[in-house]
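Per-entry structural report
As a plain string of letters, each chain reads:
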Amino acid sequence: MKFEEVFTVHIKPENCIKLNNDYEDMVVMIPFTGYVTGKYFEGKVLSGGVDTQIIGKHGDRHTLSARYMLEGKDYTGEPCKIYIENSGDIYEKRNNVLFRTCPKIITNSKALECLSKDLLIGEGIETENGLNIKIYRVV
């Protein structure tokens, strides 16, 4: 299997909201902003994006779920928006990758509508300024 990088979302987290219960489970919601760079799309993360993590009492993160909207230009120069639903699990850190996800994309870009049908993989990589989400498609 071969992978092609579609774009990178550079995440800037904001103040998180936490919920703990008597069973020592925790839910963390992390609002974020940021910007996007890449071969197929460049733009910004619109306000309202949030990453939700469910953390078990032993510290294991069972679920990672982020939903956010991008606004910018596709590779043809046309303005467009992209909605991303990025879900996955956080496991042991491997090769500097914090987690892997299965992104789902909806866009109003004719040039990028194939991303709604392609098999996509996301990787979260920690940086000094936040987090980079690299989105790849299987080719």
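This report concerns the structure included in the present document. Position numbers for residues start from 1 in each chain and track the written sequence from start to end. Local features in this predicted model are restricted to residues whose pLDDT is 70 or higher, and side-chain atom pairs enter the listing and the counts only when it is 80 or higher, whereas totals over whole chains, interfaces and linings include all residues. Side-chain measures were taken over the full set of non-hydrogen atoms in the model, leaving aside hydrogen atoms and water.

Residues belong to a common nonpolar core when they are buried Ala, Val, Leu, Ile, Met, Phe, Trp, Tyr or Cys residues joined through side-chain atoms within 4.5 Å. Only protein chains enter the accessibility calculation, which uses a 1.4 Å probe; a residue is then buried when its area is under 20% of its type maximum, exposed when over 50%, and partly exposed in between. Formed by 25 residues in total, the largest nonpolar core has its most connected members in Phe7, Val9, Phe41, Tyr68, Leu70, Ile82 and Ile133. The contact definition used throughout considers only heavy atoms, calling two residues in contact when any of these lie within 4.5 Å. Ignoring sequence-local partners within four residues, the contact set of Phe7 consists of Val36, Thr37, Gly38, Phe41, Leu70, Ile82, Ile84, Ile105, Leu115, Ile133, Lys134 and Ile135.

Turning our eyes to something else, we now look at the side chain of Glu4. The numbering of helices and of strands both runs from the N terminus, where a helix is a DSSP run of H or I of at least 4 residues and a strand a run of E of at least 2. Note on placement: Glu4 falls in strand β1 (residues 3-13). The class for Glu4 is buried, based on a relative accessible area of 17%. In terms of polar contacts, Glu4 uses its side chain to reach the side chain of Tyr40, at 2.5 Å. When sequence neighbours within four positions are dropped, the list of residues in contact with Glu4 reads Lys39, Tyr40, Ile135, Tyr136, Arg137 and Val139. N or O atoms closer than or at 3.5 Å make up a polar contact, with two conditions inside protein: a donor-capable atom paired with an acceptor-capable one, and, for residues adjacent in sequence, both atoms drawn from side chains.

It is worth spelling out the environment of Tyr136 at this point. Looking at the element boundaries, Tyr136 is found in strand β9 (residues 130-138). Along the chain, Tyr136 and Asn108 lie 28 residues apart, while their C-alpha atoms are 19 Å from each other. The contact partners of Tyr136, leaving out residues within four places of it in the chain, are Phe3, Glu4, Glu5, Val6, Leu119, Leu120, Ile121 and Glu123.

Moving on to the side chain of Arg137. Mapped onto the elements, Arg137 comes out in strand β9. In terms of polar contacts, Arg137 uses its side chain to reach the side chain of Asp118, at 3.1 Å. When sequence neighbours within four positions are dropped, the list of residues in contact with Arg137 reads Lys2, Phe3, Glu4, Val6, Tyr40, Cys114, Leu115, Asp118, Leu119 and Leu120.

Another aspect to go through is the packing of aromatic side chains. Centres within 6.5 Å make a pair out of two Phe, Tyr or Trp rings, where for Trp the six-membered ring is used; the pair is then stacked when the planes are under 30 degrees apart, edge-to-face when over 60, and tilted otherwise. Per the counting criterion, the structure on display carries 3 aromatic pairs. Ring centres 5.9 Å apart and planes at 55° place the aromatic pair Phe7 and Phe41 in the tilted group. A residue pair is termed long-range when its members are at least 10 positions apart, and Phe7 in strand β1 and Phe41 in strand β4 (residues 41-55) qualify at 34 residues. The residues Phe7 and Phe41 share a single accessibility class, namely buried.

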